[in-house]
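Each chain, written out:
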Amino acid sequence: MQTHEIRRRFLDHFVRAGHTEVPSASLILADPNLLFVNAGMVQFVPFFLGQQTPPYATATSVQKCVRTGDIENVGITTRHNTFFQMAGNFSFGDYFKREAITFAWSLLTNSVEDGGYGFDPEKLWATVYLDDDEAEQIWLSMGVPAERIQRRGMADNYWSMGIPGPCGPCSEIYYDRGPEYGIEGGPEADEDRYIEIWNLVFMQNERGAGTSKDDFEILGPLPKKNIDTGMGVERVAFLLQGVDNVYETDLLRPIIDKAEELTGRSYGVTHEDDVRFRVIADHARTGAMLIADGVNPGNDGRGYVLRRLLRRIVRSARLLGAEKPVMGEFMKVVSDLMSPSYPELATDFRRIETVAVGEETAFLKTLNTGSTLFDNTAAAVKAKGSNTIAGTDAFTLHDTYGFPIDLTLEMAAEAGLSVDEDGFRSLMAEQRKRAKDDAQARKHAHADLTVYKELVDRGATEFTGFDELTSEAHVLALIADGVRVPVATVGQDVEVILDRSPLYAESGGQIADRGSITANGLKLRVNDVQKIAKKVWVHKSTVEQGQVTEGDVVLAQADPAWRRGATQGHSGTHMVHAALRQILGPNAVQAGSMNKPGYLRFDFNWQGQLSEQQKSEIEAVSNDAVGADFPVNTFVTDLTKAKEMGAMALFGENYGDEVRVVEIGGPFSMELCGGTHVQHSSQIGPITVLGESSVGSGIRRVEAFVGLDSYKYLAKERALLAGLASSLKVPSDEVPARVEQLVDRLKVAEKELERTKMAAVLSSAGKFVEEAERIGSVLLVAVAAPEGVPAGDLRTLATDIRGRFGTLPAVVVLLGNADGKVPFVVTVNKGAQELGFKAGDLVGAFGPSIAGRGGGKPEMAQGAGSDPSGIPTGLAAVRARVAELAG
Ligand code: SER
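Residues numbered from 1 in each chain as written. Predicted model: local features only at pLDDT ≥ 70, side-chain atom pairs only at ≥ 80, totals over all residues. Heavy atoms only, no water.

Our focus in this paragraph is the overall build of the chain. Assigned secondary structure in the chain consists of 26 helices and 35 strands. For the chain, the C-alpha atoms occupy an extent of roughly 110 × 80 × 50 Å along the three principal directions. Counting the 887 residues in the chain, one finds 50% classified as buried. Of the roughly 39700 Å² of accessible surface on the chain, a fraction of 51% belongs to carbon and sulfur atoms. In the chain, 91 side chains carry a positive charge and 120 a negative one; their mean positions are 6 Å apart. (Helix = DSSP H or I, 4+ residues; strand = E, 2+ residues; numbered from the N terminus. Buried < 20%, exposed > 50% of the residue type's maximum accessible area, 1.4 Å probe, protein only. Areas by Shrake-Rupley, 256 points an atom, 1.4 Å probe, with all protein chains shown as cover. Lys, Arg positive; Asp, Glu negative; His and termini not counted. Charge placed at Lys NZ, Arg CZ, Asp CG, Glu CD.)

See below:
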């Protein structure tokens, strides 16, 4: 049975039983604790917790899921997919255990003609939680014999999301693949022979913090008893299709076929290659699904996971022998396979392909430089007689050259080396601390949202701020320190929830309005406005006068000056975005933005630095658009129409059916946007691009000032130039020429100084020759060179001295002292070599004294030591050795 058919039958089975079919949520939900949606129940969590009232009592869905915790197992076991589809049925306080078990049993065992999957009931096993007699009784009544029901502990049969939230005992259904796949004894004995296909969770409690699957606190019962089930669509497919593992099912095997074609290698020959083929199949699909949902490759969080998946594809393909880029072809196969269930993979194919191929191109470059650097590092480590690559080296490879740590680890293992991972991680942690943090994500990250539930259920705050800056409103609720309060008095910080408000709540990159809430004798200063559940405005305020009481009628006002600046900042952002795409093309996809009065920043996907010329073109195009005085039009339409018109949407945002479009200058700029804007583009004022920088590999950031802040910035620059001109005593426009001239002169002077220094060093050569000691028939110069002479000059000096002896047998040993090191050169001329002296051997005489090593040919050896205090002992040791050899 094909996978698309398995999905369909599941949904039909539950819709027939009265469930509402709910579409899969995006892989990215606005939950800071969750990297990706990893279970069907995630979108329903507020219903289980009683924070929101569900619009239906029972539901069914097939949810896109990504779990990357087991990435190392992909391709090695039979059943680990990073992307999979979880089919589920859910009851929110409606039916419970008996119905859940009955529904699952009938779908699995009903014949194919009757709409079921036709599994042989004799091959199905069930597990229940330790003390769950009720569930066991139900299974027995289904006809499952007691010997095929096992009781298991918390780690296996008590489900939670791994973080505080809903939880409960569960009952799992397993399929026995038969004795050729492992030992008897049920799931308890062997989970490779007995494959888990369905998990029924009796969601009835709330869990607190904890350290592992079987160690967390149970806080108490949920408001109602619920059902959450999850059936692994890929696992059912693999069993029904009679193949050996999930990678060979109908939606993945064609990717392996494509990989065979592109690499010239065959699947099913060696285990090593098979793992690579399966990694490609699994990761290509996960990559495409993540990009479709708006993830872009990046250096942390979701972006890093995607980057790692795409890079593992490239590397696996290379190891299989691919010489050309492969990503575009893989994305095409995935799109063809998956679009019947996920049409966006076809409609959005160009973008998905561009992002994936862009990452491949960048990574191939990185691989080439990185592999060479890695080889050098590995060789140096081995030469030192060590077998560990230092954390700093791994960090440099990662940070400077974009060579990922997992690749360093893999290549090190291949080279028989280990990596100081702790050292690496602590350097990474330091760097992260410096990196920008996502303030928005943190604001409500761990807040208890139950206090807002009633308000969220009541409905959205009416936003009046597109039409007016002052509105009359009712105080619906006051919240202080996370609890509802009836009043708040002078000096208190309080969150105010109004029925309507003209103040803009932070979203879409635009910082919240500042303003006030007033009434007779009452004044609150509004410091910030945030949205809860995307619809309730929370005004974070301080009471400055009087006291505010729930039910008060007040005037809410957005600060007009702030708002004027904010509209300039936001419209300016749209101008810069449009200019970027005009100059750089459609691949400069937005990755984030922030704007506030006078300032904006805009992040976008781009490999490499922008040139000076690109920067000034972007600035020129933005300012031309300002000068054109385009009218700014906003209108509401549906998502499909907006996309048809070419409006740009920010991926990863969840848009409703109705969207607001902001259009400036017709096709020049059209974006989905809920922000506040100027009425004519000239009101933005001048836009000054400050600069451009990297915020993680593959993402660039431009920053700009707008309006009066632009002017202030330029005035400061002008003052700076005036200062320079006066110090250099030339008019402003001659400053560049003057600086260039000074730099040239400085270079000439530095060269001259270099030459003088060298001449001085060489002039000491004569003195050393005069002081040469005769030992037997050889002349020896063994001296400390003048301090500060670097290794290169030392060699010139040694050669010069050697030359002055002509054909007389001579040995020259110079020990330097520069930057705390002891560079050294030993040289032996022909005559002395004939007497048996070898430069390399002499290093052994003084090396230990200066903690140094080095080597070379009979006529010349050089190297460095690290202990200058040993120079005199070293020189004495050389003399002794020469005397010994001279007999
Ligand atoms: N939440 C459970 C799971 O993920 C069942 O849907 O396994």
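Note that side chains of opposite charge can pair when their charged atoms are close. Evaluation of the coordinates by the stated rule reveals 44 salt bridges. The salt bridge involving Lys523 is made with Glu544; its shortest N-O contact spans 3.5 Å. In this pair, Lys523 is assigned in strand 19 (residues 522-532) and Glu544 in strand 20 (residues 536-545), connecting sequence segments 21 residues apart. Take Lys523: its relative accessible area is 34%, and that puts it in the partly exposed class. (Salt bridge = Lys/Arg side-chain N within 4 Å of Asp/Glu carboxyl O.)

So, about the sheet that holds strand 32 (residues 810-815). Across the sheet, six strands lie side by side as 30-31-32-33-35-34; this open sheet has mixed pairing. Two strands lie at the open edges of the sheet, namely strand 30 (773-775) and strand 34 (852-856), each paired on one side alone. The mean inter-strand angle of the sheet, taken between neighbouring strand axes irrespective of direction, is 20°. As paired strands, strand 33 (residues 822-828) and strand 35 (residues 860-865) are joined by six bridges and run antiparallel to one another. Of the residues in strand 35, the one forming a bridge with Val826 is Ala861. (Pairing = 2+ DSSP bridges. Axes fitted to C-alpha atoms, helices over the stretch in contact; angles between N-to-C directions.)

Here Leu427 shows up in helix 15 (residues 421-434). A relative accessible area of 21% means that Leu427 is categorised as partly exposed. In sequence terms Leu427 and Gly391 are 36 residues apart; their C-alpha atoms lie 7.8 Å from each other. Those residues within four positions of Leu427 in sequence are excluded, and the remaining contacts are Gly391, Thr392 and Phe395. (Contact = heavy atoms within 4.5 Å.)

The final tally for this structure, using the stated rule, is zero disulfides. In this structure Cys65 is a free cysteine whose sulfur lies 16 Å from that of Cys170, the closest cysteine sulfur available. (Disulfide = S-S within 2.5 Å.)

When the UniProt feature table is mapped onto this chain numbering, "binding site: Zn(2+)" (unreviewed entry) sits at His570, His574, Cys673 and His677. For the residues just named, distributed over 108 residues, the greatest C-alpha separation is only 9.9 Å, placing them together at one site. With respect to the secondary-structure elements, His570 resides in helix 18 (residues 560-584). Its relative accessible area of 3% is what places His570 among the buried residues. Leaving out residues up to four positions away in the same chain, His570 has contacts with Gly508, Gln510, Asn595, Cys673, Gly675, Thr676 and His677. In this structure the side chain of His570 is engaged in a polar contact, spanning 2.7 Å, whose partner is the side chain of Gln510. Setting aside its immediate chain neighbours within four residues, His677 contacts Thr567, His570, Ser571, His574, Val632 and Val662. Polar side-chain contacts of His677 include one of 2.9 Å to the side chain of Ser571. (UniProt positions renumbered as here; feature names shortened; annotations may be inferred. Polar contact = N/O pair within 3.5 Å; in protein donor to acceptor, adjacent residues only side chain to side chain.)

Let us look at empty space enclosed by the protein. Evaluated as defined, the whole model comprises two cavities of 30 Å³ or more. In this model, the largest cavity occupies a volume close to 40 Å³. Leu455, Arg458, Gly459, Ala460, Thr461, Leu476, Ile497, Leu498 and Val536 are the residues that line the largest cavity. Elements with a contribution of two residues or more to the lining of the largest cavity: helix 17 (453-458) and strand 16 (493-498). Its residues placed into classes, the lining of the largest cavity shows six nonpolar, two polar and one charged. Of the volumes computed, that of the second largest cavity is approximately 30 Å³. Elements supplying a minimum of two residues to the lining of the second largest cavity: helix 9 (301-319) and helix 14 (405-414). Among the elements that take part in the lining of the second largest cavity, helix 9 stands out by supplying three residues, more than any other. Within the lining of the second largest cavity, the residues separate by chemical class into three nonpolar, no polar and four charged. (1 Å grid on protein atoms, 1.4 Å probe; cavity = no way out; pocket = protein on both sides within 12 Å on 5 of 7 lines; lining within 4 Å. Points joined across faces, edges and corners; volume = space filled by probe spheres on them. Nonpolar A, V, L, I, M, F, W, Y, C, P; charged D, E, K, R; others polar.)

With that out of the way, let us pick up the site of the ligand. Near the ligand, the surroundings consist of Ala39, Met41, Arg67, Met86, Trp159, Asn199, Val201, Asp228, Thr229 and Gly230. Between the ligand and Thr229 there is a distance of 3.2 Å, counted from an oxygen atom to a backbone nitrogen or oxygen. One of the backbone N or O atoms of Gly230 is found 3.1 Å from an oxygen atom in the ligand. Contact with the protein chains covers 95% of the free accessible surface of the ligand, which is 230 Å². For the shell around the ligand, the secondary-structure elements that each account for two or more residues are strand 8 (194-212) and strand 9 (215-232). In terms of residues, the shell around the ligand owes the most to one element, strand 9, which gives three residues. Of the residues assigned to the shell around the ligand, the class counts are five nonpolar, three polar and two charged. (Near = heavy atom within 4 Å.)

The next point concerns the nonpolar core. Trp139, Ile197, Trp198 and Ile255 are the most contacted members of the largest nonpolar core, which totals 107 residues. Element by element, the count of residues in this core is highest for helix 8 (residues 271-292), at eleven residues. When near neighbours in sequence (up to four residues on either side) are disregarded, Ile255 contacts Ile280, Ala281, Ala284, Phe330, Val333, Val334 and Leu337. Listed in part, the 27 residues of the second largest apolar core include Val576, Ala579, Trp606 and Ala704. (Core = buried A, V, L, I, M, F, W, Y, C linked by side-chain atoms within 4.5 Å.)

For the rest of this paragraph, the subject is the packing of aromatic side chains. What the rule picks out here adds up to 28 aromatic pairs. Ring plane angle 70° and centroid distance 5.4 Å describe the contact between Tyr129 and Tyr158, whose orientation is recorded as edge-to-face. With Tyr129 in strand 4 (residues 124-129) and Tyr158 in strand 6 (residues 158-160), this pair connects stretches of sequence that are 29 residues apart. Comparing Tyr129 with Tyr158 shows no difference in burial state: the two are buried. (Phe/Tyr/Trp six-rings, centres within 6.5 Å; stacked < 30°, edge-to-face > 60°.)

Inspection of the secondary structure puts Gln150 in strand 5 (residues 149-152). According to the relative accessible area criterion, Gln150 is buried, its value standing at 15%. Only 2.9 Å separates the side chain of Gln150 from the backbone oxygen of Gly185, close enough to count as a polar contact. Only 3.0 Å separates the side chain of Gln150 from the backbone nitrogen of Glu188, close enough to count as a polar contact. In this structure, Gln150 is in contact with Trp125, Ala126, Thr127, Val128, Gly185, Gly186, Pro187 and Glu188, ignoring residues within four places of it in sequence.

Taken in spatial order, the four strands make up an open sheet running 23-24-29-28, and their pairing is antiparallel. The sheet is open, and its two edges are formed by strand 23 (590-596) and strand 28 (687-694), each paired on a single side. The sheet shows a mean angle of 15° between the axes of neighbouring strands, taken without regard to direction. Relative to strand 24 (residues 599-605), strand 23 runs antiparallel, the two being bridged by six bridges. Within strand 24, the position partnered with Ser593 by the bridge is Phe602.

Among the residues of helix 14, those classed as buried are Ile405, Asp406, Leu407, Thr408, Met411 and Ala412. Directly after helix 14, the chain includes Gly416, whose backbone phi takes a positive value near 75°.

This next bit is on the pairing of strand 24. For strand 24, the buried fraction is high: six of the seven residues fall into the buried class. Counting the residues that bridge the hairpin from strand 23 to strand 24 gives two residues, and of these Gly598 lies at a positive phi of roughly 85°. By the bridge criterion, seven bridges tie strand 24 to strand 29 (residues 699-706) in an arrangement that is antiparallel. Bridged to Asn605 within strand 29 is Ile699.

Across its 13 residues, helix 3 (residues 97-109) extends 18 Å between first and last C-alpha, which sits within 8% of the 18 Å expected from 1.5 Å per residue. For helix 3, the complete set of buried residues consists of Lys97, Ala100, Ile101, Phe103, Ala104, Trp105, Leu107, Leu108 and Thr109. (Expected span 1.5 Å × (residues − 1).)

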